[in-house]
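Observations on the model geometry
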Amino acid sequence: MLYRKFYEQAYHKYLNEENINDYILRVLIMAVQKMDGNMSEFFIKDEELKDEELLKSYIERVIKGEPYQYVINKARFLDYTFYVDSRVLIPRLETEELVITLIKEIKSKFNEKKINILDIGTGSGCIAITLKKHFENTCVFASDISLDALDVAKYNADKLETKIEFLSGDMLEPIIERNIKLDVLVSNPPYIQNKSEVDKGVLDYEPHLALFAEHGIDYYEVILKNANKVMNNNGIIAFEFNYDQKNQIEILIQKYIENAEYLFYQDFNNKWRYVIITYKID
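One structure accompanies this document, and this report is about it. (Residues numbered from 1 in each chain as written. Predicted model: local features only at pLDDT ≥ 70, side-chain atom pairs only at ≥ 80, totals over all residues. Heavy atoms only, no water.)

**Observations regarding the environment of Ile-236**
To keep things clear, this is the line we draw: By the criteria applied, helices consist of DSSP H or I runs no shorter than four residues and strands consist of E runs no shorter than two, each listed in order from the N terminus. Each residue is assigned to one of three classes by its accessible area relative to the maximum for its type, calculated with a 1.4 Å probe on protein chains only: buried under 20%, partly exposed between the two thresholds, exposed over 50%. The contact rule is simple, with two residues in contact once any of their heavy atoms fall within 4.5 Å.
Following the sequence through the fold, Ile-236 ends up in strand β7 (residues 231-240). Using a relative accessible area of 0% as the deciding quantity, one classes Ile-236 as buried. If sequence neighbours within four positions are ignored, Ile-236 has contacts with Leu-102, Glu-105, Ile-106, Lys-109, Phe-110, Asp-183, Val-184, Leu-185, Met-231, Ile-276 and Ile-277.

Right, here's the structure in full:
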């Protein structure tokens, strides 16, 4: 059977299933067909379906609630495709927005200067690797407390031919231990306090270590409290946070960074989502 014939039949069969839609169905077919191009390739080509049973098993996994990115072990983040599995979070659109803004800030502030960048809680490595791709004349560090996550991030760095220095440890500890000074620190740490606000698919399949913080803002406080140990003057600190944490984050900034300049940003859903801080030393 030609894959587009299967698509037409499956579209009507699974139309009312909660966890699958037209786009996901096409993505699953493209994975089985080993199409690495963009979605237009799906409609340009039409060839024999390579493995109907495998495709059906993919569809059933998605219907049961497993994120399709884990099923095909792929997730897009800006211009790149990353390997993902249940050891790491699936990259989000909100994080793409943070990185796009951060890239603009780095270009404006540092131009072509060689700088040190750290991504705390790197997970799949999507932030660190994307920044390295945009700023090749930098030293990019990526840390995570999860050795499983670091394995995934290292795999992605190798696959995307990106030189990243990976560090194992909790928050800023590996940087402080090595006496590394940073020009840019970026983190999308665990920030969800209430499990009830998380979709079932996320709760059942994505790593809780990367999702939840007992008090929500715990990790931001650790970073800001210790920023003086690692940040260079006029460096950038960038955070993604939960939609309801803006006021708490602002209190922490004012408490720990006396001369900071900062700007909060909303995401595509008009929810407060990330902040860019300029770290200033007297």
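**Points about the sheet that holds strand β9 (residues 272-279)**
Heads up, the rule is: Here a strand pair is declared whenever DSSP counts at least two bridges between the two strands. Every axis corresponds to a line fitted to the C-alpha atoms, with the helix fit spanning only the stretch in contact, and the corresponding angles, defined between N-to-C directions, vary from 0 to 180 degrees.
Overall, mixed pairing links the 7 strands, which are arranged β5-β4-β3-β6-β7-β9-β8 in an open sheet. In this open sheet, the two edge strands, each paired with only one partner strand, are β5 (165-168) and β8 (261-266). Each strand axis lies, on average, 15° off the axis of its neighbour in the sheet, ignoring direction. Pairing analysis gives 4 bridges linking strand β3 (residues 115-120) to strand β6 (residues 182-187), with the strands arranged parallel. Among the inter-strand pairings, Asp-119 is bridged to a residue of β6, identified as Val-186.

**Points about the pattern of salt bridges**
Under the convention used in this document: Each reported salt bridge corresponds to a side-chain nitrogen of Lys or Arg within 4 Å of a carboxyl oxygen of Asp or Glu.
In this structure the tally under the stated criterion is 8 salt bridges. Of the charged contacts, one joins Glu-41 and Lys-45 as a salt bridge, the two residues approaching to 2.9 Å between their closest N and O atoms. Here Asp-267 makes a salt bridge to Arg-273, at a shortest N to O gap of 3.0 Å. For Asp-267, a relative accessible area of 4% corresponds to the buried category. Owing to a relative accessible area of 8%, Arg-273 belongs among the buried residues under this scheme.

**Observations concerning the nonpolar core**
Condition: Buried residues of nine kinds, namely Ala, Val, Leu, Ile, Met, Phe, Trp, Tyr and Cys, make up a nonpolar core once their side-chain atoms join them within 4.5 Å.
Counting residues in each nonpolar core, the largest one holds 32 residues, and the members touching the most others are Leu-102, Ile-106, Leu-131, Ile-164 and Val-184. A per-element tally of this core places helix α6 (residues 93-110) first, with 6 residues. Sequence-distant contacts of Ile-106, that is, excluding residues within four places in its chain, are made with Asn-111, Ile-115, Ile-117, Leu-131, Phe-135, Val-184 and Ile-236. Formed by 31 residues, the second largest nonpolar core is a distinct cluster that contains Ile-120, Met-171, Tyr-220 and Ile-253.

**Considerations on the packing of aromatic side chains**
Each aromatic ring pair is characterised by the separation of its centres together with the angle its planes make. The line we're drawing: Between the rings of Phe, Tyr and Trp (Trp by its six-membered ring), a pair exists once the centres lie within 6.5 Å; its type follows the angle of the planes, with under 30 degrees stacked, over 60 edge-to-face, and the other angles tilted. We call a charge positioned over a ring when the NZ of a Lys or the CZ of an Arg lies within 6 Å of the ring centre and within 35 degrees of the ring normal.
The full count for this structure, using the stated rule, is 11 aromatic pairs. Seen from their ring centres, Tyr-7 and Tyr-11 are 6.3 Å apart, and the 45° between their planes marks the pair as tilted. Placement of both Tyr-7 and Tyr-11 in helix α1 (residues 3-13) is noted, with a separation of 4 residues, approximately one turn of the helix. An aromatic cluster of three or more residues is present, and its members are Tyr-3, Tyr-7, Tyr-11, Phe-42 and Phe-43. Sitting above the plane of the Phe-264 ring, Lys-246 keeps its charged end 4.8 Å from the centroid. In this arrangement the basic side chain of Lys-246 is found over the ring face of Trp-272, its NZ or CZ atom lying 5.1 Å from the centre.

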